[in-house]
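Observations on chain architecture
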Amino acid sequence: MTRDEIDPADVKLLRAFNRTYTQRISVLEPYLGSALSLTEVRILYELAHQGPCAAADLARDLTLDAGYLSRVLRQFTQQGWITAAPHPDDARRKQLALTPAGWAVFEPLQQRSREQVADLLATLAPDQRAQLVAALRTAHGLLAPAQAPTRTAVLREPRPGDMGWVIEQHGALYASEFGWNSEFEALVAEIVAGMLRTHDPAWERGWIAELDGQRVGSVFVVRKSATEAQLRLLILAPAARGLGLGGRLTDECVAFARAKGYAKLVLWTNANLAAARAIYAQRGFQRVASKPYHGYGQDLVGETWELGLQAAG
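Residues numbered from 1 in each chain as written. Predicted model: local features only at pLDDT ≥ 70, side-chain atom pairs only at ≥ 80, totals over all residues. Heavy atoms only, no water.

1. Section: the nonpolar core
What counts, and what does not: Take the buried Ala, Val, Leu, Ile, Met, Phe, Trp, Tyr and Cys residues and link them wherever side-chain atoms come within 4.5 Å; each set so joined is a nonpolar core. The cut-offs for exposure are 20% and 50% of the maximum accessible area for each residue type, with area from a 1.4 Å probe on protein chains only; residues under the lower value are buried, those over the upper are exposed, and the others partly exposed. For this analysis, residues touch if any pair of their heavy atoms sits within 4.5 Å.
Within the largest apolar cluster, 49 residues are counted, with the highest numbers of intra-cluster contacts made by L265 and Y280. Other than its neighbours up to four places away in sequence, Y280 contacts L231, L234, T250, L267, T269, F285 and W305. Residues I43, C53, L73 and L96 belong to the second largest nonpolar core, which totals 21 residues.

2. Re the environment of S218
The cut-off we apply is this: Strands are runs of DSSP state E lasting at least two residues, helices are runs of H or I lasting at least four, and both sets are numbered from the N terminus onward.
With respect to the secondary-structure elements, S218 resides in strand β5 (residues 214-223). Classification of S218 as buried rests on a relative accessible area of 0%. Considered as a pair, S218 and V166 are 52 residues apart in the sequence and their alpha carbons are 7.0 Å apart. Excluding residues that lie within four positions of it along the chain, S218 makes contacts with W165, V166, H170, W207, I208, L233, L234, I235 and L249.

3. Observations concerning the packing of aromatic side chains
Test applied: Here the aromatic set is Phe, Tyr and Trp, taking the six-membered ring for Trp, and pairing holds for ring centres within 6.5 Å; pairs whose planes are under 30 degrees apart are stacked, those over 60 apart are edge-to-face, and all others are tilted. We call a charge positioned over a ring when the NZ of a Lys or the CZ of an Arg lies within 6 Å of the ring centre and within 35 degrees of the ring normal.
Within this structure, the stated rule accounts for 16 aromatic pairs. For the pair Y45 and F106, a centre-to-centre distance of 6.2 Å together with 65 degrees between the ring planes defines the contact as edge-to-face. Highlighted residues: Y45 in helix α2 (residues 38-50) and F106 in helix α5 (residues 100-122), separated in sequence by 61 residues. On the accessibility criterion, F106 (2% relative accessible area) is buried. With centroids separated by 6.1 Å and ring planes inclined at 80 degrees, the aromatic side chains of W207 and F256 adopt a geometry described as edge-to-face. Here W207 is found in strand β4 (residues 205-211), whereas its partner F256 is found in helix α9 (residues 245-259), with 49 residues between them in sequence. Comparing W207 with F256, the two get one shared label, buried. Linked through ring pairs, Y174, F178, W180, F184, W268, Y293 and Y296 together constitute an aromatic cluster. Across the ring face of W203, the terminal group of R223 is positioned such that the distance to the ring centre comes to 4.4 Å.

This is the structure in structure tokens:
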């Protein structure tokens, strides 16, 4: 895609975000209350976090004009903030590094920057903060894929407060993605309440998926009869999709039900939930019933799927 093909509204939106963010972190004022510019602080940051490096590397990484960078480095040298030593592999090149005086200048600025961002995040409610962090992670991964941080996914047992989140996520996601009304959220609330009241830890289990410390998914196995278990309330937030977590949650259900000696694992879903149905089909579930109905403000097709758990032979 060329520059001329970009929607002007997209350009306007990104520029508006840049203006808002630079204002919120006071880039247009003396940066972090110091006499240094944002670029000068970034140079100190790279020297602190990269370790000894050449001026050419700084110019490349920060996309700075070599002449401008040379003037800044000369100023830092005169102030005693950096030293230049011969490169071990090429004496013609110099390696730059912060001196103790340079560290003394940089470290308070780094701490002030962390506190400033923490104060900004503290103005948001927990769910808003999670949305912002997920959006920023996505943006970072798209614009700088080589720098995208490793993500940490964990499946854990539910804790107090998790079940309320499960209800809220089902209501919000199914409304935004499929247009389902509050009848569905009410159904989920009834299911959750029933599971909480009658939970039998010997035969039932639930999992909450976390991504980078934030809740992003859930699933549960409940006892339907002495021989059948039921998979319920599989959900995955948009920010966590494409990472295999939906499959991992389903695999945990299958493994648990099989280990408990259930003969069959069943579930009920809808024909329009393509991603979930693909997960079930990949694991050997078979659709055994299908029936049109009107519910949650939509014309839908409900489906029953089953997976046999008894070993052959």
